[in-house]
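Residues per chain, in single letters:
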Amino acid sequence: MISKAGGAIAAWQITAAIVLLYLARLVLKAVYRITLHPLAKFPGPILAALTYKYEFYFDGIKGGQYTKEIERLHQIYGTASGGFILFV
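Residues numbered from 1 in each chain as written. Predicted model: local features only at pLDDT ≥ 70, side-chain atom pairs only at ≥ 80, totals over all residues. Heavy atoms only, no water.

Our next topic: the packing of aromatic side chains. Enumeration over the complete set of coordinates arrives at two aromatic pairs. Here Tyr-57 and Phe-58 contribute two aromatic rings whose centre-to-centre distance is 5.1 Å and whose plane-to-plane angle is 80°, an arrangement assigned as edge-to-face. What makes Tyr-57 partly exposed here is its relative accessible area of 39%. Joined through ring pairs, the aromatic side chains of Tyr-54, Tyr-57 and Phe-58 make up one cluster. (Phe/Tyr/Trp six-rings, centres within 6.5 Å; stacked < 30°, edge-to-face > 60°. Buried < 20%, exposed > 50% of the residue type's maximum accessible area, 1.4 Å probe, protein only.)

Printed below as a string of structure tokens:
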């Protein structure tokens, strides 16, 4: 236990604070990626903007289908005007 002027801080309180800080970081990162990031103005799936798990699902679980998914997304959302955003 860590001594404090008003008492002691329990280990569970430290753990809870760390977990809350981590969750706050995840939420702030998600808000940034959806609203403030320079690429946020381009349309597309929100899950793909938030995490790489979207790409992992199509490449890792569906066996390398991410390229076909990108083609499908281009049919739905179109291509970026003035150039390409696609990073392979």
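From this point, the discussion proceeds with the structure in view.
This next bit is on the confidence of the model for the protein chain. Of the residues in the protein chain, 83% have a pLDDT of 70 or more, and the chain-wide mean is 86. Across the protein chain, helix H1 (residues 11-36) holds the top mean pLDDT of 96, while strand S1 (residues 2-4) sits lowest at 55. (pLDDT = per-residue confidence, 0-100. Helix = DSSP H or I, 4+ residues; strand = E, 2+ residues; numbered from the N terminus.)

This part takes up the packing of helix H3 (residues 53-61) against helix H4 (residues 66-77). Relative orientation of the contacting elements H3 and H4 amounts to 125°, with a least axis distance of 8 Å. Classified by the angle their axes make, H3 and H4 are oblique. Contact residues: H3 offers Tyr-54, Glu-55, Phe-58 and Asp-59, while H4 offers Tyr-66, Glu-69, Arg-72 and Leu-73. In terms of residue class, the contact of H3 with H4 is built from four nonpolar, no polar and four charged. (Axes fitted to C-alpha atoms, helices over the stretch in contact; angles between N-to-C directions. Parallel < 35°, antiparallel > 145°, perpendicular 65-115°, else oblique. Contact = heavy atoms within 4.5 Å. Nonpolar A, V, L, I, M, F, W, Y, C, P; charged D, E, K, R; others polar.)

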